[in-house]
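# Analysis of the macromolecular model
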Amino acid sequence: MARLAIEAGEIRKDYGTLTAVDRLSFTVEAGEAFGLLGPNGAGKSTIMRAICCRSPLTSGSLKVMGLDVACHQRSIREVVGVVPQENNLDPDLNVRENLLVYARYFRLPREVAEERTERLIAFVELEEKRNARIDELSGGMKRRLMIARALLNNPSMLILDEPTTGLDPHVRLAIWDKLRNLRQQGLTILLSTHYMDEAEKLCDRLMIIDHGHILVSGRPRDLIEAHAKRFVLEVRGCQSQPLRTHELGVIAEQHGASHLYFAPTAEQLAPLIGEYEGCETWLRPSNLEDVFMRLTDRGRLT
Amino acid sequence: MRSWSKVDIGDVAQVWRRNRDVYRRLWRTEIIAPMLEPLFSIMGFGWGVGSLVAGKVMGVSYLTFVGAGLLTFTSLLRALFECTYAAYFRMVYQSTYDAILATPVEVESLALGEMTWGVTKSLIDGLIVLGVLWAFGAVLSPWALLIPFIIVIGAFWVAALSLWITAMIHDINYYNFYLGSVFSYLWFSGAYFPLDSLPAWAGWLAWMVPVTSVIDALRSLMMGHLTPLLLLEMGYVLVAFVLTAEVAMRALRRRMIN
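Summarised in this report is the structure supplied together with it. Keep in mind that this is a model prediction, so the values were computed, not measured. All residue numbers here refer to positions counted from 1 along the written sequence of the relevant chain. Both sets of labels track the order of writing: A upward for chains, 1 upward for ligands. Totals for whole chains, interfaces and linings use every residue, but because this is a predicted model, local features are given only for residues with pLDDT of at least 70 and side-chain atom pairs only at 80 or more, for both listing and counting. Note: side-chain values were computed over all heavy atoms of the structure, leaving out hydrogens and water.

Residue and element names in this part refer to chain A. In this description, the term disulfide denotes a pair of cysteine sulfurs within 2.5 Å. Counted according to the given criterion, the structure contains zero disulfides over all chains. C203 takes part in no disulfide bond, and the closest cysteine sulfur to it belongs to C52, at a distance of 16 Å. In this scheme, a residue with accessible area under 20% of its type's maximum is buried, one over 50% is exposed, and one in between is partly exposed, where area comes from a 1.4 Å probe on protein chains only. Under the relative-accessibility criterion, C203 is labelled buried at 7%.

Right under this line is the structure:
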């Protein structure tokens with residue numbers, strides 16, 4: 001197996017006069033879980049479509065599992081499993097048939113398809129629904145079935161576009177569990193998400209993109225330390241007060257009606273609380289969401 | 001013929017099998033309902049209009065004459081509906097094409113699989129209508145056994161044309177233009193009356209549409225009047241299919257891979 005699951009060199013995608021992805025380079029190592037983050041319209045879906053061979057690049061080189069997307073589309077789709085943003089299960093077929101019919105597109109022999117279908121239905125815990133129609137399934141069940149379907153061809157890499165959007169917290173936890181399980185089995189995972197907690201919990205590495213460019217990339221912990229220090233003091237409902245920009249070693253920022261102060265230690269932030277009498281203050285460890293907001297929101301909401 | 005070279009027959013078969021499996025679940029509604037209309041139109045033409053047309057048309061009863069037209073239209077319309085509304089539903093509302101294109105199946109095989117399925121439905125309906133016509137005594141020659149082949153070739157052209165339109169439109173209401181043209185053409189196709197009743201220019205226009213050749217070929221087989229013209233007609237329809245399918249496959253690739 002290739003050491004690099006994805007090798008993108010200066011990839012660019014234009015739609016007419018709009019440049020959706022602008023000479024962007026990154027790599028994903030085999031066996032790692034990699035997150036693609038960014039505001040709506042940042043270029044995440046375009047990158048994913050390019051990797052799935054659904055969108056030819058304007059320029060640049062893109063290799064998936066060592067295979068060039070420009071000429072090995074069929075071989076790439078044989079080794080990749082895709083869970084798109086919108087569920088596209090076949091409403092004319094039941095749960096089991098959805099998997100069996102899909103297996104045929106990969107030319108799996110009947111016995112192999114049957115065996116994998118049973119194993120995957122068990123893996124996503126849909127045994128009791130195996131003969132149910134798709135419209136009888138809950139949102140979480142459909143999502144789990146989508147993941148099962150993407151695993152039919154025993155892929156080396158699973159690509160998930162917003163895997164848990166619109167699902168309740170219990171279902172999200174259950175899906176994260178499955179994805180971690182797959183990751184431990186050695187599967188490379190590429191996912192895009194708007195949930196920072198999802199990215200923080202699932203991804204070994206991630207990159208945040210905006211306007212087709214990479215803003216930052218790295219391990220979630222490192223990104224938080226580098227761009228959101230370690231602690232943050234959040235002050236809400238303080239429109240009338242000025243932002244305190246004079247504290248040494250503290251980064252001050254205004255996001256809408258909130259003031260945010262970032263520092264490596266909580267001690268540096270504690271004195272500020274006293275200055276905001278009557279306002280809602282909250283001292284907490286900083287997280288990926290802070291990084292995201294700082295990098296993608298600057299100039300947009302302040 | 002760039003697109004044709006990308007077709008993988010094995011993949012075409014898998015796309016076809018998906019539609020067949022769905023059809024098998026729903027076959028009662030799929031077979032019975034669409035059969036009522038032609039059954040009544042054959043009765044209407046046989047007993048109703050046929051009794052008013054006292055003389056023979058081209059040397060045969062009006063039911064035999066018009067039967068060829070009814071058989072052609074009833075069967076080819078199945079391919080049309082399958083590759084317009086049904087295909088549009090699968091492509092846009094159910095995202096079935098997106099799901100399939102995440103597998104090794106290429107757009108061109110998907111397109112040909114959809115067309116082949118439309119043709120299959122045409123063939124099923126065609127066989128039933130042919131049986132009904134035979135029961136009414138409208139089939140005069142054993143050469144009629146070759147009619148299914150003619151239906152298949154004609155349905156392939158209709159399926160390709162319909163899928164091309166499906167790949168081009170972004171609003172399901174645009175099919176109204178297509179259907180409007182098809183039903184207008186019906187009156188100039190030689191289905192209801194001989195084409196030589198038309199002004200010459202209208203006749204030539206009618207012959208440009210491959211379906212006119214299908215109706216004529218099918219009628220000559222029903223009557224047992226075989227001439228070399230039959231081969232010419234089928235060649236024309238076949239060439240039209242190959243070219244139209246190429247255009248349809250390119251259009252669907254532009255639509256799905258962008």
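And the narrative resumes.
Once that is clear, we can look at the interface of chain B and chain A. Here a residue-residue contact requires only that any non-hydrogen atoms of the pair lie within 4.5 Å. Contact residues are listed per partner, giving 25 residues for chain B and 27 residues for chain A. Carbon and sulfur atoms make up 46% of the area that chain B and chain A hide from each other, which totals about 2,500 Å². Throughout, the accessible surface (probe 1.4 Å) given up by two parts as they are put together, summed over both, is called the buried area. Contact with chain A buries surface across chain B, with B:R25, B:P104 and B:N258 losing the most and accounting together for 25% of the total. For this document, the term salt bridge refers to a Lys or Arg side-chain nitrogen within 4 Å of an Asp or Glu carboxyl oxygen. For the pair chain B and chain A, the number of links is ten salt bridges.

Before going further, it helps to examine the pairing of strand 6 (residues 80-83) of chain A. Residues and elements named next belong to chain A. Runs of E in the DSSP output that reach at least two residues are strands. Runs of H or I that reach at least four are helices, and both are numbered from the N terminus. In strand 6, alternate side chains face the same way, and those of V80 and V82 on one face and G81 and V83 on the other are all buried. Pairing between strand 6 and strand 7 (residues 157-161): four bridges, direction parallel. Opposite G81, over in strand 7, you have L158 as the bridge partner. Paired strands, as defined in this entry, are two strands with at least two bridges between them according to DSSP.

Bringing the sheet that holds strand 14 (residues 280-285) of chain A into the picture now. Each strand in a sheet pairs with another by means of backbone hydrogen bonds, the pair being arranged parallel or else antiparallel. All names here are of chain A. In spatial order, the strands read 12-13-11-14; together these four strands make up an open sheet with antiparallel pairing. Pairing within the sheet leaves two strands with one partner each, and these edge strands are strand 12 (251-255) and strand 14. Across the sheet, the axes of successive neighbouring strands diverge by a mean angle of 20°, strand direction being ignored. Looking at chain direction, strand 11 (residues 231-236) and strand 14 are connected through six bridges and run antiparallel. Residue pairing across strands places F231 opposite P285, the latter belonging to strand 14. Helix 9 (residues 266-275) rests against strand 11, strand 13 (258-263) and strand 14 of the sheet, and its axis sits at about 15° to strand 11. Helix axes are fitted only over the stretch in contact, all axes being lines through C-alpha atoms; the angle between N-to-C directions runs from 0 to 180 degrees.

Without other data, these values stay purely geometric and don't point to any function.
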